[in-house]
Amino acid sequence: MSNDRPKIEVRGLRKSFGSKIVLDGADLHVAEGESLVVIGGSGTGKSVLIKTIIGLLEADGGSVKIDGEEVTTMRSRDRDRVLRKIGMLFQGSALFDSLPVWENVAFGLIQGRATDRREAKDIALAKLASVGLGADVAGLYPAELSGGMQKRVALARAIAANPEIIFFDEPTTGLDPIMADIINELVVQCRTELGATTISITHDMVSTRKIADRIAMIHGGRIIWEGPVAAIDESGNAYVEQFINGRAEGPIKMAVRES
Amino acid sequence: MPNNPLALIGRSVLSIFGIAGRLTLFTLESSSHCFRPPFYPKLILHQMVKIGFHSLPVVGLTAIFTGMVLVLQTYTGFSDFAAESSIPIIVVRSLTRELGPVLAALMVAGRVGAATAAEIGTMRVTEQIDALTTLSTNPYKYLIAPRLIAGFISLPLLVAVAEIIGVMGGYLVSTYKLGFNPTVYIQNIFDALETLDIVSGLVKAAVFGFLIVLMGCYHGYNSRGGAQGVGAATTNAVVSGAALILVFNYIITEAFFSK
Ligand SMILES: Nc1ncnc2c1ncn2[C@@H]1O[C@H](COP(=O)(O)OP(=O)(O)OP(=O)(O)O)[C@@H](O)[C@H]1O
Ligand SMILES: [Mg+2]
């Protein structure tokens, strides 16, 4: 496989809901084995961006290529094949509430890849251990867990099948600082040990600096700045500076301040 | 122009075509997955228990009182002598052809249609359906096809039981209250049984079972926007399920009995 071809390449991606334009020509590329972090204000379309890349939302226009294959116009059989390379952590965890924790984690192995149940359970327990959850949690149902525990289970589920590409939608939101750091470590491990390509979304600049190779900032439906993590402090972009310093004053106007 | 009547009619017609189109696509897509592997026998069985077995109390109650009332009502219209031979025929005919399938299906539409819409609707708004897709599992195949198959199989079984219970109810009132001869009554019942009546009733039941679950799945799958959306989906599932039962009852009756 050629290494100069990006693992994921997004061009001119557009998505609206009714008259509300969320993505207005977003461009993005991620190299194989790279960790990209997408930052941006609340409601700027970060979750919509990755859902449209995966195909959970249908794009209104533009192109998404994964390993050089155009996925927006793909037939469903080919899309299934591409989806097998992908794992995703949902912002709201999205655990199956009818299944116990370990079956949630093992779901993609048992249903999607026809792994033997016993073997899948062992893998699930190992993945749970890696997110700091013991075997005692494995038999509980998602409703019996705290929000932070649910998030970690969802993370274990996203990485259980060792996917080539992993999307993390706010992996550390709702966790205490120590657990957040453990999760950051884990995201880094996915890249260093499994060689996965990762796209993460976060508001958390500590986490961003820890897990990112490169950072992209989304605003107004486009990627307005993109660069290596080392360059974030000298971006020369007023939007980025306002965001990383968390200032209320600046070019970004939050909805509450408009009126 | 919000108040232009022509525009209003035009919009309504368009939206009706839109709904019909989406419903047709949904039906074709989900039915096709009933015939393509992988199948989920465990899920089908689980749903059969939920749809068929757990509906037994309410359907049995409906059936027994319907049978009892049927006897009381028809008795007043006959002389004593004609009643003893006519009532069993009327009870058996109306239960197998009409009342058994229609009443049972309407009760099930309330129970199962609502529960299905609520369950799938909740999975939709909490992104569990999206999560299925990212775990290489087709939601039509995993969530909807097993339910449709279970509805199609369990309703005829349920209706068969309901018919027996209904006839029993009639028997109790006839023998204990009206003082008919039990042996003669049972003999009359067996004479009154017609294959065509039974078959048409069970075909109705199977179609109704499919329709109830289809409406539950369709409205749940397309629900939007949190608890309120799920609530609306539940109501729509029950109302449209009941309406379709009545319409298809006419169509199937016409197909079997019109000369
Ligand atoms: N299914 C949908 N239907 C209609 N509008 C939607 C839908 N999903 C998202 N939106 C809208 O798209 C915009 C972007 O939403 P998105 O969830 O991507 O924000 P986000 O950047 O992930 O925010 P946060 O950081 O709070 O998670 C929001 O204004 C939201 O109202
Ligand atoms: Mg989001």
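Residues numbered from 1 in each chain as written. Chains lettered and ligands numbered in written order. Predicted model: local features only at pLDDT ≥ 70, side-chain atom pairs only at ≥ 80, totals over all residues. Heavy atoms only, no water.

1. Points about the overall build of chain B
Looking only at helices and strands, one finds 9 helices and 0 strands in chain B. Per-residue burial for chain B yields a buried fraction of 47% across its 259 residues. When the accessible surface of chain B is totalled, it reaches about 12,700 Å², and 73% of it is carbon and sulfur. Once the 15 positive and 12 negative side-chain charges of chain B are each reduced to a mean point, those two points are 11 Å apart. (Helix = DSSP H or I, 4+ residues; strand = E, 2+ residues; numbered from the N terminus. Buried < 20%, exposed > 50% of the residue type's maximum accessible area, 1.4 Å probe, protein only. Areas by Shrake-Rupley, 256 points an atom, 1.4 Å probe, with all protein chains shown as cover. Lys, Arg positive; Asp, Glu negative; His and termini not counted. Charge placed at Lys NZ, Arg CZ, Asp CG, Glu CD.)

2. Re the overall build of chain A
Secondary structure summary: chain A contains 10 helices and 10 strands in total. Relative to the globule expectation of 18 Å for 259 residues, the C-alpha radius of gyration of chain A, 18 Å, shows essentially globular dimensions. By its C-alpha atoms, chain A is 55 × 40 × 35 Å across when sized along the principal axes. The buried share of chain A, taken over its 259 residues, is 52%. (Rg over C-alpha atoms; globule rule 2.2 N^0.38 Å.)

3. Remarks on the coordination of the magnesium ion (ligand 2)
Residues and elements named next belong to chain A. In this structure, S47 (OG) and Q91 (OE1) serve as the protein donors to the magnesium ion (ligand 2), at separations of 2.0 to 2.1 Å. Highlighted residues: S47 in helix α1 (residues 46-54) and Q91 in the loop between β6 (86-89) and α3 (101-112), separated in sequence by 44 residues. For Q91, a relative accessible area of 37% corresponds to the partly exposed category. (Donors = N, O, S within 2.8 Å, 3.2 Å for Na, K, Ca; no water.)

4. A short note on the site of ligand 1
All names here are of chain A. Around ligand 1, the structure places 14 residues, and the nearest of them are S42, G43, K46, S47 and Q91. Between G43 and ligand 1, the recorded distance is 2.8 Å, taken from a backbone N or O atom to an oxygen atom. T44 places a main-chain nitrogen or oxygen 3.3 Å from an oxygen atom of ligand 1. Coverage of ligand 1 by the protein chains reaches 64% of its 640 Å² of free accessible surface. (Near = heavy atom within 4 Å. Polar contact = N/O pair within 3.5 Å; in protein donor to acceptor, adjacent residues only side chain to side chain.)

5. Section: the environment of F65(B)
Residues and elements named next belong to chain B. If you trace the backbone, F65 turns up in helix α3 (residues 56-75). Looking at F65, the relative accessible area reads 47%, which means it is partly exposed. As a C-alpha pair, F65 and G216 span 151 residues in sequence and 28 Å in three-dimensional space.

6. A word on the packing of helix α6 (residues 139-177) of chain B against helix α8 (residues 195-221) of chain B
A packed helix pair is summarised by two numbers, namely the angle formed by the two axes and the spacing between the axes. Residue and element names in this part refer to chain B. Packing of α6 against α8 leaves a shortest axis separation of 7 Å and a crossing angle of 150°. Classified by the angle their axes make, α6 and α8 are roughly antiparallel. Here α6 and α8 pass one another in a crossing that is right-handed. Of the residues in α8, those touching α6 at P139, Y140, I144, R147, L148, G151, F152, L155, P156, V159 and A160 are L202, A205, A206, G209, F210, V213, L214, C217 and Y221. In the contact of α6 with α8, the residues fall into 17 nonpolar, 2 polar and 1 charged. (Axes fitted to C-alpha atoms, helices over the stretch in contact; angles between N-to-C directions. Parallel < 35°, antiparallel > 145°, perpendicular 65-115°, else oblique. Left-handed = near helix turned anticlockwise from the far one by under 90°. Contact = heavy atoms within 4.5 Å. Nonpolar A, V, L, I, M, F, W, Y, C, P; charged D, E, K, R; others polar.)

7. As for the packing of aromatic side chains
Overall, the coordinates contain 11 aromatic pairs over all chains when judged by the stated rule. Between F96(A) and F107(A), the aromatic rings sit 4.7 Å apart at their centres with planes inclined by 50°, giving tilted as the arrangement. Note that F96(A) is positioned in the loop between β6 and α3 and F107(A) in helix α3, a separation of 11 residues in sequence. Across this residue pair, the class does not change: F96(A) and F107(A) are buried. When the ring of F180(B) is compared with that of Y185(B), the centres are 6.3 Å apart and the planes differ by 35°; the resulting orientation is tilted. A relative accessible area of 1% means that Y185(B) is categorised as buried. The structure contains a cluster of three or more aromatic residues connected by ring pairs, namely F96(A), F107(A), Y40(B) and Y142(B). (Phe/Tyr/Trp six-rings, centres within 6.5 Å; stacked < 30°, edge-to-face > 60°.)

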